[in-house]
Amino acid sequence: MWPVPAEPAPPAASAAATGPSPRPAPAAAQHKAQPKAPARRQGGSFVAGATSRLLPASVPLRWFGAAAFFHACAWAALGAAAADLPQWRGGLGWPLAALHLWTIGTLLASAIGASLQLLPVATRQGTRAAALAAGLWWLFVPGVALLVLGMGLAQPAWLAVGAAAVIAVLLAWAAMMAMNLAGARGMPGVVLHGWGAIGGLALLVASAASLVAVWTGSSALSGWLAPDALRAMHAAAGIVGVMGLLVLGIATIVVPMFALSPVPAERPQAATGALGLAALVLWLAAAPLAALFSPAPAAPAASPAGGAWLFVALRAASWAAAAAALAVHLAMMRRVRAEALRPGLGGAAWLFACAWGAAVLALGLLAAKIGLEAAAASGAGAVAGIVSERLGRLVVVLALVGWLGSFLFGVLHRILPFLAAAHASRGRTPGRRAPTPSALTSAQAVLWHTRAHTAALGALAVAAVFDAAPLWALAAVVGGAGGIAFAVFYAVAALRLRASLAAGAAGAPDAAGAAGAGAPDSGRRDGP
């Protein structure tokens, strides 16, 4: 439990202690005329009483384990796809499989595990349907595996079965989030982001089902939008609607918790959520016109100029809303850092800085891409289209790997050991010291994963710009090293937790607890 600093006594109280005021009546009237501002909730207070709201250790750890496994697989799939990536335009193949191993297998699995545990803590209510949360994992993992194998091997039937399993899991997860948000007793800003993510998830599922229908040759679900429009809607719903809003909301929980800082005020939180939703709606409104900027050479020339300009205008308005949301969010995070009792944010500081920097750079490059689309609408020629396409790939890399990936890995580097320590401390006999988070993890694995992830992000950015197969292969090798390091980090935490629980049940001292006891300051500084 983190201590919440006591507020200083108001000046009126100290004056009363020294003697009567010369003018009591005006002072009292002035005191009544200036109501005290409501105290902002301390970030560390999230942990207070959180033990009673913890899911069984196996539930979030399974989801984080799935993320670690699919993370390594994503880099392997990228290596298999390197030769095809320069010519890839969105069809079936290993590039599509690598993309979905990252988005669904890594990012979504991490977000599901984190949200299942963090939302009940933030909204101050008990966990619900823990058995369902555990059971969904058994459908999710084989569903993702079958989905990406169907994509990589161009087997539409496998893809359809895997997609059906994953969609069922996502719908159940959305229902669990909705039940939690409906009964929330705090954090209205986080609740707004959560509801927005649920709306984005509905659009993600609908567009995914339609794309699967296109790939399998079914016309039951594929006739409502063209494939280019469906892909644009699918990408926006996933990046901005589901993951983007979840990351913005989770940041207001975990960053104050890590930094021991007051939680951001509700008004900027609400502004960030509303602006993010506006950006999503405007981008989705432009999706039906995405075919006007298809990579097919004849598409821009054959498209009506009015539709092209409407497409550019809607995307520009969406960009403005997204830029405003990010500006408000970064201002909140800057204030959290400024008011922090622990300003360093520990080992997650570098990954958070990478995430925020990548988000700013992605928006800047997206503005350039929208400008090139406007030039193409004016008939500027094929060069603008080629540059715009490569800029688009770079924006996707920065958004998915730089912003979302870096932030979620930073969270996992801190949350996973903390959850392991919290579970290891339950049921211990009095007087036996519980292991600290640092005793349950491998600092070397965290360091190597941070370095490899940063290097892989740079390699991916270079590969996206030059679009050459050897560069994509190099990025896959560097990222694969990071995937191995992250898997080691996860395995060490899970194995040390298991050993600690076994030792606690037997009443014997365990190595993790002894390591924690040997560090005199670890109990004071270790934490989420």
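Here the structure is a predicted model, which means the values were calculated and not measured. (Residues numbered from 1 in each chain as written. Predicted model: local features only at pLDDT ≥ 70, side-chain atom pairs only at ≥ 80, totals over all residues. Heavy atoms only, no water.)

Draft legend 1. Quick look at the overall build of the chain. A count of helical and extended segments in the chain gives 17 helices and 0 strands. Taken across its 528 residues, the chain has 53% of its residues classed as buried. A sequence separation of at least 24 residues applies to 82% of the contacts in the chain between residues at least 6 apart. (Helix = DSSP H or I, 4+ residues; strand = E, 2+ residues; numbered from the N terminus. Buried < 20%, exposed > 50% of the residue type's maximum accessible area, 1.4 Å probe, protein only. Contact = heavy atoms within 4.5 Å.)

Draft legend 2. How the structure looks around the confidence of the model for the chain. Overall, the prediction assigns the chain a mean pLDDT of 80, with 75% of residues at 70 or greater. pLDDT under 50 marks residues 1-38. Its contacts with residues more than four places away, or in other chains, come to 16 contacts. Below a pLDDT of 50 lies the segment residues 295-304, which in the model reaches 8 contacts outside its immediate sequence neighbourhood of four places, other chains included. (pLDDT = per-residue confidence, 0-100.)

Draft legend 3. Representation of unusual backbone geometry in the model. If you check the backbone angles, Ala-154 has positive phi at about 55° while not being a glycine. Under the relative-accessibility criterion, Ala-154 is labelled partly exposed at 42%. Of note in the backbone geometry, Asp-467 takes a positive phi value of approximately 55° without being a glycine. Its location among the elements puts Asp-467 in the loop between helix H14 (443-466) and helix H15 (469-506). In this structure Asp-467 comes out as buried when scored by relative accessible area, which is 12%.

Draft legend 4. Up close: the nonpolar core. Formed by 152 residues in total, the largest nonpolar core has its most connected members in Trp-63, Leu-116, Phe-140, Trp-173, Val-254, Val-255 and Phe-407. For this core, the element with the highest residue contribution is helix H13 (residues 382-424), accounting for 22 residues. Not counting chain neighbours up to four residues away, the residues in contact with Phe-140 comprise Trp-63, Phe-70, Ile-104, Ala-109 and Val-169. (Core = buried A, V, L, I, M, F, W, Y, C linked by side-chain atoms within 4.5 Å.)

Draft legend 5. Local environment of helix H8 (residues 227-259). Helix length check: H8 (33 residues) gives 45 Å between terminal C-alpha atoms against 48 Å at 1.5 Å per residue, within 8%. In H8, a bend of some 40° at Gly-244 exceeds every other bend along the element. Burial analysis of H8 places 28 of its 33 residues in the buried class, which makes it a mostly covered element. The positive-phi residue at the C-terminal boundary of H8 is Leu-260, with phi of around 55°. (Expected span 1.5 Å × (residues − 1). Bend = angle between axes of the 7 residues up to and from the residue.)

Draft legend 6. How the structure looks around a nonpolar patch on the surface. On the surface, a nonpolar cluster with roughly 270 Å² of combined accessible area is contributed by Leu-149, Leu-153 and Trp-158. Secondary-structure assignment places Trp-158 in helix H6 (residues 156-182). Residue class for Trp-158 comes out partly exposed when judged on its relative accessible area of 38%. (Patch = residues over 30% accessible without salt bridge, like charges linked within 9 Å, V, L, I, M, F, W, Y side chains within 5 Å. Areas by Shrake-Rupley, 256 points an atom, 1.4 Å probe, with all protein chains shown as cover. Salt bridge = Lys/Arg side-chain N within 4 Å of Asp/Glu carboxyl O.)

Draft legend 7. Structural context of the environment of Leu-146. With respect to the helices, strands and loops of the structure, Leu-146 is situated in helix H5 (residues 130-152). According to the relative accessible area criterion, Leu-146 is partly exposed, its value standing at 28%. Separated by 12 residues in the primary sequence, Leu-146 and Trp-158 place their C-alpha atoms 5.9 Å from one another. Here Leu-146 is in contact with Trp-158, Leu-159, Val-161 and Gly-162, once residues within four sequence places are set aside.

Draft legend 8. How the structure looks around the packing of helix H3 (residues 58-81) against helix H4 (residues 94-122). Direction vectors running N to C along H3 and H4 enclose 165°, while the axes themselves pass 8 Å from each other. The pairing of H3 with H4 is recorded here as roughly antiparallel in orientation. Our pair here, H3 against H4, has a crossing hand that is left-handed. Among the residues making up the contact of H3 with H4, the classes are represented as 23 nonpolar, 5 polar and no charged. (Axes fitted to C-alpha atoms, helices over the stretch in contact; angles between N-to-C directions. Parallel < 35°, antiparallel > 145°, perpendicular 65-115°, else oblique. Left-handed = near helix turned anticlockwise from the far one by under 90°. Nonpolar A, V, L, I, M, F, W, Y, C, P; charged D, E, K, R; others polar.)

Draft legend 9. Quick peek at the packing of aromatic side chains. Using the criterion set out here, one finds 10 aromatic pairs in the structure. Ring geometry for Phe-258 versus Phe-352: centroids 6.1 Å apart, planes at 10°, classification stacked. One end of the pair, Phe-258, is in helix H8; the other, Phe-352, is in helix H12 (residues 349-377), with 94 residues separating them in the sequence. When sorted by exposure, Phe-258 lands in the same class as Phe-352, which is buried. Taking the centre distance of 5.8 Å and the plane angle of 35° together, the rings of Phe-352 and Trp-356 count as tilted. Taken together, the residues Phe-352 and Trp-356, both in helix H12 and 4 residues apart, mark about one turn of the helix. One exposure class covers both Phe-352 and Trp-356, and it is buried. Ring pairs connect the aromatic residues Trp-75, Trp-102, Phe-409, Phe-486 and Phe-489, which therefore count as one cluster. We note Arg-62 situated over the ring of Trp-137; from NZ or CZ to the ring centre the distance is 6.0 Å. (Phe/Tyr/Trp six-rings, centres within 6.5 Å; stacked < 30°, edge-to-face > 60°. Lys NZ or Arg CZ within 6 Å of the ring centre and 35° of its normal.)

Draft legend 10. Here's a closer look at the packing of H6 against helix H7 (residues 188-216). Direction vectors running N to C along H6 and H7 enclose 165°, while the axes themselves pass 10 Å from each other. The angle between H6 and H7 places the two elements in the roughly antiparallel class. Of the two possible hands of crossing, H6 and H7 adopt the one that is left-handed. The residue inventory of the contact of H6 with H7, partitioned by class, reads 21 nonpolar, 2 polar and no charged.

Draft legend 11. Seen up close, H4. For H4, spanning 29 residues, the distance from its first C-alpha to its last is 39 Å, which sits close to the expected 42 Å at 1.5 Å a residue. Of all the bends in H4, the greatest, near 35°, is centred on Ser-115. When you tally the buried positions in H4, you get 27 out of 29 residues, the bulk of the element.

Draft legend 12. Region of interest: the side chain of Thr-450. Along the chain, Thr-450 turns up in helix H14. Apart from the residues within four sequence positions on either side, Thr-450 is in contact with Trp-350, Leu-351 and His-413.

Draft legend 13. Highlighting the environment of Asp-467. For the pair Asp-467 and Pro-86, spaced 381 residues apart in the sequence, the C-alpha separation amounts to 5.4 Å. Not counting the four nearest positions on each side in its chain, Asp-467 is found in contact with Leu-85, Pro-86, Arg-390, Arg-393, Val-462 and Trp-472. Polar side-chain contacts of Asp-467 include one of 3.2 Å to the side chain of Arg-393. (Polar contact = N/O pair within 3.5 Å; in protein donor to acceptor, adjacent residues only side chain to side chain.)

Draft legend 14. Quick look at the environment of Val-397. Along the polypeptide, Val-397 turns up in helix H13. Placed 66 residues apart in sequence, Val-397 and Ala-463 show a C-alpha to C-alpha distance of 9.8 Å. Residue contacts for Val-397: discarding those within four places in its chain leaves Gly-402, Leu-457, Leu-460, Ala-461 and Ala-464.

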